[in-house]
Amino acid sequence: MRRHLAKHWILIILFVTILYGLGAMTLLSTNTSEVSELENRQLASFPKLNRKDLLSGRYFQGITDYYADHFTHRERLLMVSKTIEAYRGTQGEDQVEIVLASNEDAYNPPIEVQEVVMHQEEHKPISSVYDLNQRVVNFASEDIERFSDMNPLEVEEVDNDKILEQLKITDDDTLVGQRKNSLLIIEDTIYEIFGYSNSACEYYASAINQFAESFDDQMSVYSIVVPSHIEFLKSEKYRSLADSQADAINAINQAFIDPIIPVHIYDALGEHIDEYLYFRSDHHWTALGAYYAYTVFADKIGDNAYGLDQFEKTEIEGFLGYLYNKNFNRNVKSNPDTVEVYHPFVESEYTITTQGNRTINLDLINMNYAKKSNKYMVFLSGDNPLAVIDTNLDNGRKILVFKDSYGNAFVPYLTSHYDEIHIIDPRHYKKGAVTYAKEQGIDEVLFLNSAVVVAGNKGFSNHIKRVSY
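Residues numbered from 1 in each chain as written. Predicted model: local features only at pLDDT ≥ 70, side-chain atom pairs only at ≥ 80, totals over all residues. Heavy atoms only, no water.

(A) Broad picture of the side chain of S405. Looking at the secondary structure, you find S405 in the loop between β14 (398–403) and α18 (407–410). You can call S405 buried: its relative accessible area is 12%. In this structure the side chain of S405 is engaged in a polar contact, spanning 2.6 Å, whose partner is the side chain of H284. Not counting residues within four places of it along the chain, the set of residues in contact with S405 comprises H283, H284, Y376, D383 and R427. (Helix = DSSP H or I, 4+ residues; strand = E, 2+ residues; numbered from the N terminus. Buried < 20%, exposed > 50% of the residue type's maximum accessible area, 1.4 Å probe, protein only. Polar contact = N/O pair within 3.5 Å; in protein donor to acceptor, adjacent residues only side chain to side chain. Contact = heavy atoms within 4.5 Å.)

Shown next, in the form of structure tokens:
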């Protein structure tokens with residue numbers, strides 16, 4: 001009996017030592033990284049204390065997120081986890097695997113919905129190292145109590161149903177999101193399995209309609225919806241796992257009001273699909289895929305597209321993209337992608353406005369990212385709220401591009417046609433885009449986004465509506 005109790009005590013002491021040891025190592029860690037290159041995302045920063053966040057629970061969730069993102073040796077542990085996860089899936093014939101989305105990957109709701117979830121989870125018992133860290137920090141942060149005493153405020157009850165209704169999130173959208181995040185892996189290529197809903201397609205069209213209606217007939221509004229890689233799979237057996245992106249794009253185009261001009265790039269991509277139009281390890285198209293879309297767009301605006309041989313080409317080897325980082329497939333790793341860059345021949349100045357509202361001048365093709373893991377960011381230096389390209393064409397033509405990350409490889413081709421190119425990423429832009437366009441004297445607008453982003457759920461469209469004033 002005594003030996004049995006001693007064994008239990010040893011296990012308890014060992015468990016507590018590891019638990020508090022990891023917590024202490026995390027608290028004492030000097031890791032100040034702001035970006036996870038492995039996951040290609042910004043890590044959480046330590047939250048600033050203010051009354052609103054304190055009372056809503058967002059402040060404490062921010063602390064949890066911070067320590068979850070800065071947990072000691074997190075990148076190494078994540079690497080081990082991903083390596084193990086790479087064995088998950090259904091191995092089939094022809095080196096084919098289907099990886100279903102986990103609950104964690106299934107659906108990334110808008111921030112407002114996450115706030116509701118945080119409020120609901122605030123009173124859960126401590127059950128992990130992350131939660132332990134939160135307790136330690138709360139205990140150490142005695143100023144919180146003083147702050148609350150000095151800033152009394154009644155907590156407003158959160159109406160979850162009302163918020164969900166306002167965001168128009170439906171069960172149908174959630175199911176589409178789950179399907180979207182599942183992967184199909186064939187030999188050395190990873191495909192996102194595409195799903196869409198008619199309501200999401202119509203909602204995206206209504207967001208662009210709303211923007212266009214703000215300009216009467218004075219603005220030319222174009223729309224390009226980019227199909228993803230799986231749409232062009234030659235094997236009907238595996239392509240049938242996904243919904244038809246041609247149908248989704250058609251549903252969007254049919255819901256546009258008259259002034260909006262759909263630009264059909266689907267056939268142009270299909271005609272060249274045997275070329276290197278999509279990455280094998282990433283969800284984006286290549287600069288060559290973007291080029292064929294550019295040729296169609298140039299024709300639509302009444303210009304002639306320039307030939308590829310007129311652009312200087314650079315190749316950046318060793319790119320393993322976002323989809324690889326979700327799965328760590330060994331076949332993909334053994335055959336990494338090459339980022340091909342076609343440098344614009346028109347001289348220009350490129351200025352970005354960051355999420356911190358800083359203005360920075362950069363190279364339009366930022367080769368510093370050629371040395372980073374996410375080499376696709378050589379195009380426009382990634383996604384920023386606002387960016388402006390000022391070329392030396394001096395032809396008076398100005399265009400505003402609303403885009404997701406697919407637009408990054410496309411926009412450099414526009415420097416051959418426009419005096420000014422203004423670029424807005426509605427996910428990050430905080431001001432009124434209609435007001436901005438009028439102030440800048442812009443008379444052409446292009447919405448260029450991927451079908452995966454705009455047809456799978458309504459989150460991206462909500463951002464367009466949010467800034468359409």
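From this point, things continue past the structure.
(B) Seen up close, the packing of aromatic side chains. One pass over the structure, following the stated rule, counts 24 aromatic pairs. Through a chain of ring-to-ring contacts, three or more aromatic side chains come together here, namely Y291, Y292, Y294, Y306, F311, F345 and Y413. The ring of Y203 carries K458 above its face, with NZ or CZ at 5.6 Å from the centroid. The side chain of K465 reaches across the aromatic face of Y203, ending 5.0 Å from its centre. (Phe/Tyr/Trp six-rings, centres within 6.5 Å; stacked < 30°, edge-to-face > 60°. Lys NZ or Arg CZ within 6 Å of the ring centre and 35° of its normal.)

(C) Looking closely at the environment of N374. The topology assignment puts N374 in the loop between β12 (359–362) and β13 (386–391). Classification of N374 as buried rests on a relative accessible area of 14%. Between the alpha carbons of N374 and F319 there is a distance of 7.2 Å; along the sequence they are 55 residues apart.

(D) Highlighting the packing of helix α11 (residues 198–212) against helix α21 (residues 459–467). As a packed pair, α11 and α21 sit with axes 9 Å apart at the nearest point and diverge in direction by 15°. One finds that α11 runs roughly parallel with respect to α21. Relative to α21, the crossing made by α11 is left-handed. Two secondary-structure elements touch here, α11 through Y203, Y204, S206, A207 and Q210 and α21 through F460, S461, N462, I464 and K465. By residue class, the composition of the contact of α11 with α21 is five nonpolar, four polar and one charged. (Axes fitted to C-alpha atoms, helices over the stretch in contact; angles between N-to-C directions. Parallel < 35°, antiparallel > 145°, perpendicular 65-115°, else oblique. Left-handed = near helix turned anticlockwise from the far one by under 90°. Nonpolar A, V, L, I, M, F, W, Y, C, P; charged D, E, K, R; others polar.)

(E) Fine view of the pattern of salt bridges. Under the criterion given, the structure shown has 15 salt bridges. D425 is paired through a salt bridge with K403; the nearest N and O atoms lie 3.8 Å apart. Pair noted here: D425 is in the loop between β15 (420–424) and α19 (433–439) and K403 is in strand β14, with a separation of 22 residues, a long-range link. K403 matches D425 in its accessibility class, with the two residues each being buried. Overlapping salt bridges bring together D383, K403, D425 and R427 as one network. (Salt bridge = Lys/Arg side-chain N within 4 Å of Asp/Glu carboxyl O.)

(F) Focus on unusual backbone geometry. Notably, F328 is not glycine yet its phi reads approximately 55°, a positive angle. Looking at the element boundaries, F328 is found in the loop between α16 (322–327) and α17 (330–333). Unlike most non-glycine residues, N357 shows phi in positive territory, near 65°. Mapped onto the elements of the fold, N357 is located in the loop between β11 (348–353) and β12. Of the residues examined, N357 reaches a relative accessible area of 56% and is grouped as exposed.

(G) Focus on the packing of α11 against helix α13 (residues 245–254). Running from amino to carboxyl end, α11 crosses α13 at an angle of 40°, the nearest separation of the two axes being 8 Å. Considering the angle they form, α11 stands oblique to α13. Judged by the twist between their axes, the crossing of α11 over α13 is right-handed. Across the interface between the two elements, N198, C201, Y204 and A205 from α11 touch A248, A251 and I252 from α13.

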